[in-house]
Amino acid sequence: MAAAPEVGPAIEVVDAIVIGLGPGGESVAGELAAAGLSVVGVESRLVGGECPYFGCVPSKMMIRAGNALAEARRVPGLAGRAEVVPDWAPVAARIRDEATDNWDDTVAAKRFTDAGGRLVRGTGRLTGVRHVTVRTHDGGELTFRARRAVVLNPGTDPAIPAVPGLAGTPLWTNREAVRATQAPESLAVWGAGPIGMELAQAFARFGTKVTMVVRGAHLASREEPETAELLERVFAREGIDVLTNTTITAVEHSAAGFTLALDGPGAPTLAAEEFLVATGRTSKLGKLGLEQAGIAYDGRTPPAVDAHLQLAHGLYLMGDAVGAGAFTHMSMYHANIVAGHVLGEDRGSAETHAVPRVTFTDPEAGAVGLTESQARAAGLAIRVGYTNLADSTRGWIHKSGNDGFIKVIEDSATGALVGATSVGPHGGEVLSALALAVHARVPVATLRTMIYAYPTFHRAIEAAVRAIK
Ligand SMILES: Cc1cc2nc3c(=O)[nH]c(=O)nc-3n(C[C@H](O)[C@H](O)[C@H](O)COP(=O)(O)OP(=O)(O)OC[C@H]3O[C@@H](n4cnc5c(N)ncnc54)[C@H](O)[C@@H]3O)c2cc1C
């Protein structure tokens, strides 16, 4: 570990330094600055991070638009006739103008500086336990020492597999997909996680011929098998081809588009106008100079944090980089704990037993805590309850588009839920009650005697807990 000088003419001393102003980093930096601390926020790209410019917000605008088309297509049989003529232009305009200010972070940057923070645009790295050196965008270098805290919130980048021919092609990651100015004729999607599934369905609803290439046997492999089975059924109904047990071995690009060489049970090649790579995310932790602060990092498993997300006294790690769930709500949850700890307030400790997650497909697939197989792998004795949404009164009334289910996992030793899945119309909203139950370890006996409003979708929770066996 290099010994960093404590002070010097080129070293500025401040209270706190935040590297990476994604959702949580921006929140911590802004709160500490508003509390009167001298705060340096370091950002190499856009203040706000992945979520508002390339992630949650633009993708949900696409999905909202695609869902509107899907609802209009459900009019026959429910309410007469509707002519549906998809047009991507309003989607592109909303993303450009309303979501991202044309990928300009002036408003977010001003929010931070108005709170009293100092924004340094550049790439930061640790040069000691509380020392940070920033290579600024104008080619300069600044070094800071923090009296109270250094907060690392570096987030992730899209992972691009090393496949012959792929490098240098105009492939899409989420960052290019959200900039689409029209829905392509055809789209190959590599990956079957939330990002791949959400974008595949959104484009398909605008008339794009979508083919998903999936390494494993199913979509959404980390979720309950019932989730995968249902989404596969819905995707097939909507004309999305899912090539399972298939991988891509080579990529060619020409004026006609992409040609992908496939290794799997189906056709040997796949042609598509655009190619979205959604095969996961890669951590940026390795570029932060952790070893300069005495923190060992093997390049794969994030180093352990304590209950207040400290790697060492006054050195915090938060957000996606922690590896406890790559979601904006986790980044914000961490931000509250870190800001409170730096300010000397008790805001609880970072827990991971009730992390909610929602894939915003239609139907929405929400889940919290453990899946059935995760609970069994953890050695818990469990009982499982399941109910089909189509069998509920609300599901029956809803009719077209009523695919869904609720599944609950009870730890029979404690009589409380350790996990739950809610798939269906508004499945992410219905999840909130289940997230509360898992978070607060509410006894299933209490859930069985609760009053559930009629005829809501969330009433299916009652049926699921009654079905526990
Ligand atoms: C398509 C898509 C859809 C998504 N949808 C959802 C959703 O619906 N709900 C949800 O909860 N989550 C969603 N996510 C995930 C969500 O975007 C992330 O979990 C969230 O942005 C994580 O915040 P973060 O601050 O940890 O990281 P990021 O948002 O990645 O921010 C990290 C920031 O740090 C900066 N940085 C990194 N290293 C340095 C450095 N050395 N120096 C200076 N700056 C640095 C980066 O430029 C970046 O701005 C989605 C993601 C994608 C890609």
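1. With respect to the environment of T279
Thinking step 1. Mapped onto the elements, T279 comes out in the loop between β13 (274-277) and β14 (281-283).
Thinking step 2. Of the residues examined, T279 reaches a relative accessible area of 34% and is grouped as partly exposed.
Thinking step 3. Each C-alpha atom, one on T279 and one on A72, is 32 Å from the other, the two residues being 207 residues apart in sequence.
Thinking step 4. Beyond its immediate chain neighbours, meaning those up to four positions away, T279 contacts A159, P161, W190 and G191.
Thinking step 5. A polar contact of 3.2 Å, which involves the side chain of T279, links it to the backbone oxygen of A159.

2. Let's talk about the packing of helix α3 (residues 56-73) against helix α7 (residues 194-205)
Thinking step 1. Two elements in contact, α3 and α7, have axes separated by 8 Å at closest approach and are oriented at 50 degrees. With respect to their mutual orientation, α3 and α7 come out oblique. When you trace α3 past α7, the crossing you get is left-handed. Contact with α3, carried on its side by S59, K60, M62, I63, G66, N67, L69, A70 and R73, involves E198, L199, A202, F203 and R205 of α7 and no other residues of that element.
Thinking step 2. Of the residues assigned to the contact of α3 with α7, the class counts are 7 nonpolar, 3 polar and 4 charged.

3. Thoughts on the sheet that holds strand β8 (residues 209-213)
Thinking step 1. Strand order in the open sheet formed by 4 strands is β9-β8-β7-β13, with parallel pairing between adjacent strands. The sheet is open, and its two borders are formed by β9 (241-243) and β13, each paired with just one other strand. With strand direction ignored, the average angle separating the axes of adjacent strands in the sheet is 20 degrees.
Thinking step 2. The strands touched by α7 within the sheet are β7 (186-190), β8 and β13, with β8 carrying the most contacts at an inclination of about 160 degrees.

4. A short note on the nonpolar core
Soluble globular proteins tend to pack their nonpolar side chains together in the buried interior.
Thinking step 1. Counting residues in hydrophobic clusters, the biggest one holds 89 residues, and the most contacted among them are L152 and M212.
Thinking step 2. When residues no more than four places from it in sequence are discounted, the contact partners of M212 are V189, G191, A192, G196, M197, A200, L219, F235, I240, D241, V242 and L243.
Thinking step 3. Of all hydrophobic cores here, the second largest spans 23 residues; its members include L417, A460, I461 and I468.

5. Remarks on the state of the cysteines
Thinking step 1. Scanning the model with the defined rule gives 1 disulfide in all.
Thinking step 2. Across the disulfide from C51 sits C56; the S-S distance is 2.3 Å. Here C51 and C56 share a disulfide; its torsion about the S-S bond, -135 degrees, makes the bridge left-handed.

6. Some points on the site of the ligand
Thinking step 1. Taken together, 37 residues form the shell around the ligand, and within it E43, K60, N153, D320 and T328 come nearest.
Thinking step 2. S44 is positioned with one of its backbone polar atoms (N or O) 3.1 Å from a nitrogen atom of the ligand.
Thinking step 3. Within the side chain of S331, one N or O atom sits 3.3 Å away from an oxygen atom of the ligand.
Thinking step 4. Protein burial of the ligand: of its 990 Å² of free accessible surface, 93% is covered by the chains.
Thinking step 5. Listed by contribution, the elements that provide at least two residues to the shell around the ligand are β2 (39-43), α2 (50-54), α3, β3 (118-126) and α9 (328-342).
Thinking step 6. Class assignment of the residues belonging to the shell around the ligand gives a composition of 13 nonpolar, 17 polar and 7 charged.

7. Focus on empty space enclosed by the protein
Thinking step 1. On inspection of all chains with the given rule, the structure shows 1 cavity of 30 Å³ or more.
Thinking step 2. Approximately 40 Å³ is the volume attributed to the largest cavity.
Thinking step 3. Around the largest cavity, the lining residues are L389, I406, S422, V423, G424, P425, G427, V430 and F457.
Thinking step 4. The set of elements that each furnish at least two residues to the lining of the largest cavity consists of β21 (416-424) and α12 (427-440).
Thinking step 5. Counting residues per element, the lining of the largest cavity draws most heavily on β21, which supplies 3 residues.
Thinking step 6. Partitioned by chemical class, the residues of the lining of the largest cavity number 6 nonpolar, 3 polar and no charged.

8. Comments concerning the packing of helix α1 (residues 23-34) against helix α5 (residues 106-114)
Thinking step 1. Across the interface, α1 lies against α5 with an axial gap of 8 Å and an inter-helix angle of 30 degrees. Residue-level contacts link E26, A29, G30 and A33 of α1 to A108, R111 and F112 of α5.
Thinking step 2. Partitioned by chemical class, the residues of the contact of α1 with α5 number 4 nonpolar, 1 polar and 2 charged.

9. Side note on the pattern of salt bridges
Thinking step 1. Taken as a whole and judged by the stated rule, the model has 32 salt bridges.
Thinking step 2. Across the pair R233 and E229 runs a salt bridge, and its minimum N-O distance is 3.3 Å. Placement of the pair is R233 and E229 together in helix α8 (residues 225-237), with a separation of 4 residues, close to one helical turn.
Thinking step 3. E229 gets classed as partly exposed once you look at its relative accessible area, which sits at 42%.

10. Overview of the packing of aromatic side chains
Thinking step 1. Across all of its chains, the model carries 7 aromatic pairs by this definition.
Thinking step 2. Ring geometry for W190 and F275: centres 6.2 Å apart, planes at 20 degrees, overall stacked. Remark: F275 occurs in strand β13 and W190 occurs in strand β7; sequence separation between them is 85 residues. With respect to burial, W190 and F275 carry one shared label: buried.
Thinking step 3. Grouping aromatic residues by their ring pairs yields a cluster made of W88, W172, F203 and F206.

11. Focus on the sheet that holds strand β10 (residues 247-254)
Each strand in a sheet pairs with another by means of backbone hydrogen bonds, the pair being arranged parallel or else antiparallel.
Thinking step 1. Spatially, 3 strands are ordered β10-β11-β12 in an open sheet, and the strand pairing comes out antiparallel. The sheet terminates laterally at β10 and β12 (269-272), the two strands that pair on one side only. Within the sheet, the average angular offset between the axes of one strand and its neighbour, ignoring direction, is 20 degrees.
Thinking step 2. One ladder, built from 7 bridges, connects β10 with strand β11 (residues 257-263); its direction is antiparallel. Within β11, the residue paired with T247 across the bridge is D263.

Parameters and conventions
- Residues numbered from 1 in each chain as written.
- Predicted model: local features only at pLDDT ≥ 70, side-chain atom pairs only at ≥ 80, totals over all residues.
- Heavy atoms only, no water.
- Helix = DSSP H or I, 4+ residues; strand = E, 2+ residues; numbered from the N terminus.
- Buried < 20%, exposed > 50% of the residue type's maximum accessible area, 1.4 Å probe, protein only.
- Contact = heavy atoms within 4.5 Å.
- Polar contact = N/O pair within 3.5 Å; in protein donor to acceptor, adjacent residues only side chain to side chain.
- Axes fitted to C-alpha atoms, helices over the stretch in contact; angles between N-to-C directions.
- Parallel < 35°, antiparallel > 145°, perpendicular 65-115°, else oblique.
- Left-handed = near helix turned anticlockwise from the far one by under 90°.
- Nonpolar A, V, L, I, M, F, W, Y, C, P; charged D, E, K, R; others polar.
- Pairing = 2+ DSSP bridges.
- Core = buried A, V, L, I, M, F, W, Y, C linked by side-chain atoms within 4.5 Å.
- Disulfide = S-S within 2.5 Å.
- Near = heavy atom within 4 Å.
- Areas by Shrake-Rupley, 256 points an atom, 1.4 Å probe, with all protein chains shown as cover.
- 1 Å grid on protein atoms, 1.4 Å probe; cavity = no way out; pocket = protein on both sides within 12 Å on 5 of 7 lines; lining within 4 Å.
- Points joined across faces, edges and corners; volume = space filled by probe spheres on them.
- Salt bridge = Lys/Arg side-chain N within 4 Å of Asp/Glu carboxyl O.
- Phe/Tyr/Trp six-rings, centres within 6.5 Å; stacked < 30°, edge-to-face > 60°.

Function cannot be inferred from these measures alone, as they are strictly geometric.
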